Amino acid sequence: MTLRELCWTHTALTSDEVDLLDRIAGSLQYMADLTGADVFIDCLDRAGETAVVVAHARPSGVISAYRRTVLGQAALREKEPAVYHAFRTGMVVRDLKAVTQEDQTVRQDAAPIRNQGGKVIAVLIREKDVSGTLSRERKFQELARERESHTVSMLGLAAGDGPAVAMKEIHHRVKNNLQLVASILNIQARKSADPQLRRAFRENTSRVLSIAAIHDILTTGDDGDQVELRPLLEKLRRNLQSMLPQGQEILLSVQGDQMAVSSDKATSIALVVNELLTNALEHGFPGRQKGSVTVTLLRGRERATITVEDDGRGFSLGEKQEDSLGLDLISTIVRDKLGGKLQLQSGPEGTKAMFDFS
């Protein structure tokens, strides 16, 4: 079936929207050949629940990840998270693991396609087969574990206990010192009569506590210098939830994948997420007692993404903010420390901020 026939059969798209997708589909083969990957267009069905493949181009001169056509087939939410994340957030998603309709492991990049009114009507997808790479990585990891086990048996566990215990003690002391600094900043905030000064103290208190949370995890963890991101993000959420004014019911939540990163990278991620959450709480709900802010972590093979989205009032991205320290800090950390890119979208229904990192 053609793209038009599939759209008429499965979707509620208008004639103009189908025309737009048909024009884009005319370039899919060039995209597939240029990138050496399978390229697709997926649309949501009439119920708006399930993504359906309406166009597919295989790369020339390169083995496709597919043995047969998947036109008209569904892309399942649990197997292709990048597709649904792009539909939901309206943002570009890169390098997320997916499983094809033929049960092959691939890496997906997904970009939303919008109609003239700005509504997301489809997603453009690029897929690269990584099943062979993952198999090699598993073999390398198995060899590494065998070598580590052999080394431990040769040297004895006691040989590694000293440095590990010492490092945990260092993290414990750093955490205590940071919490002391946060307490001092809180005292200064309470004593200050200037509202702007109190706000600045509380923002810096939150920043210090976000770093302290990392050292707290390193104190109790068993993975050396590795930090699990989900527990870290949960700690940030609890810190900020406890600092909300009495009577304000803003629900903060964390969802998504489990993954670990180095403590240095975790520090940068914690600062960025802390700033994004603080901005959402301070600017998204003026005059409102209820709302929600959600942090979503999606893990890719080479890169991961974190999205912070709220259902607040939004703001104009084109306006120059007088207090731009937070956004300047976020952009700098994402670019220089995480090697990623910050994306922002805001409107009457809320604000979405997404950044990626390797």
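Here the structure is shown first, and the text comes after it.
Residues numbered from 1 in each chain as written. Predicted model: local features only at pLDDT ≥ 70, side-chain atom pairs only at ≥ 80, totals over all residues. Heavy atoms only, no water.

Visitor: Where do I start with the pairing of strand 2 (residues 51–57) in this structure?
Guide: Within a regular strand, the side chains alternate between the two sheet faces. Here strand 2 lies mainly inside the structure; seven of its seven residues are buried. In this sheet, strand 2 lies alongside strand 1 (residues 38–44) in antiparallel orientation, the contact comprising six bridges. By the bridge assignment, F40 is partnered in strand 2 with H56. Adjacent in sequence and paired antiparallel, strand 1 and strand 2 are bridged by six residues, among which G48 carries a positive phi angle near 70°. (Buried < 20%, exposed > 50% of the residue type's maximum accessible area, 1.4 Å probe, protein only. Helix = DSSP H or I, 4+ residues; strand = E, 2+ residues; numbered from the N terminus. Pairing = 2+ DSSP bridges.)

Visitor: I keep staring at the pattern of salt bridges and nothing clicks. Help me out?
Guide: A pair can form between side chains of opposite charge whenever their charged atoms are brought close. Here the structure, examined in full by the defined rule, presents twelve salt bridges. Close ionic contact of R88 with E309 constitutes a salt bridge, the shortest N to O distance being 2.4 Å. Here R88, found in helix 4 (residues 81–89), pairs with E309, found in strand 11 (residues 304–310); they are 221 residues apart in sequence, far enough to count as distant. On the basis of relative accessibility, which here comes to 40%, the residue R88 falls in the partly exposed class. Residue E309 is classed as buried on the basis of its relative accessible area, which comes to 13%. A single network of salt bridges, built from pairs that share partners, joins R4, D19 and D22. (Salt bridge = Lys/Arg side-chain N within 4 Å of Asp/Glu carboxyl O.)

Visitor: Looking at this structure, how should I read the sheet that holds strand 8 (residues 249–256)?
Guide: Sheet strands pair by backbone hydrogen bonding; their relative direction is either parallel or antiparallel. As summarised here, the arrangement of the five strands in space is 8-10-11-13-12, forming an open sheet in which the pairing is mixed. The open sheet terminates on both sides in strands that have one partner only, identified here as strand 8 and strand 12 (342–347). Along the sheet, successive strands turn relative to each other by an average axial angle of 10°, direction set aside. Across the sheet, helix 8 (residues 229–242) touches strand 8, strand 10 (290–299) and strand 13 (350–357), and the angle it forms with strand 8 is around 175°. The sheet contacts of helix 9 (residues 263–283) involve strand 8, strand 10, strand 11 and strand 13, and relative to strand 13 the element is tilted by about 175°. (Axes fitted to C-alpha atoms, helices over the stretch in contact; angles between N-to-C directions. Contact = heavy atoms within 4.5 Å.)

Visitor: Would you take a moment to explain the packing of helix 8 against helix 9 for this structure?
Guide: Helix-helix packing is described using two parameters, namely the angle between the two axes and the distance between the axes. It is at 10 Å that the axes of helix 8 and helix 9 come closest, and there the two elements cross at 35°. As for how helix 8 packs across helix 9, the hand of that crossing is right-handed. Within the contact between the two elements, helix 8 uses L229, L232, L233, L236 and L240 and helix 9 uses A266, I269, A270, V273, N274, L277, T278 and L281. Taken together, the residues of the contact of helix 8 with helix 9 break down into eleven nonpolar, two polar and no charged. (Left-handed = near helix turned anticlockwise from the far one by under 90°. Nonpolar A, V, L, I, M, F, W, Y, C, P; charged D, E, K, R; others polar.)

Visitor: Help me understand unusual backbone geometry in this model?
Guide: Excluding glycine, residues mostly have negative phi values, and the peptide bonds linking residues are mostly trans. Backbone geometry at D95 places phi at a positive 60°, although glycine is not the residue there. Positionally, D95 belongs in strand 4 (residues 93–99). For D95, a relative accessible area of 4% corresponds to the buried category. In this structure, D103 takes a positive phi of about 65° despite not being glycine.

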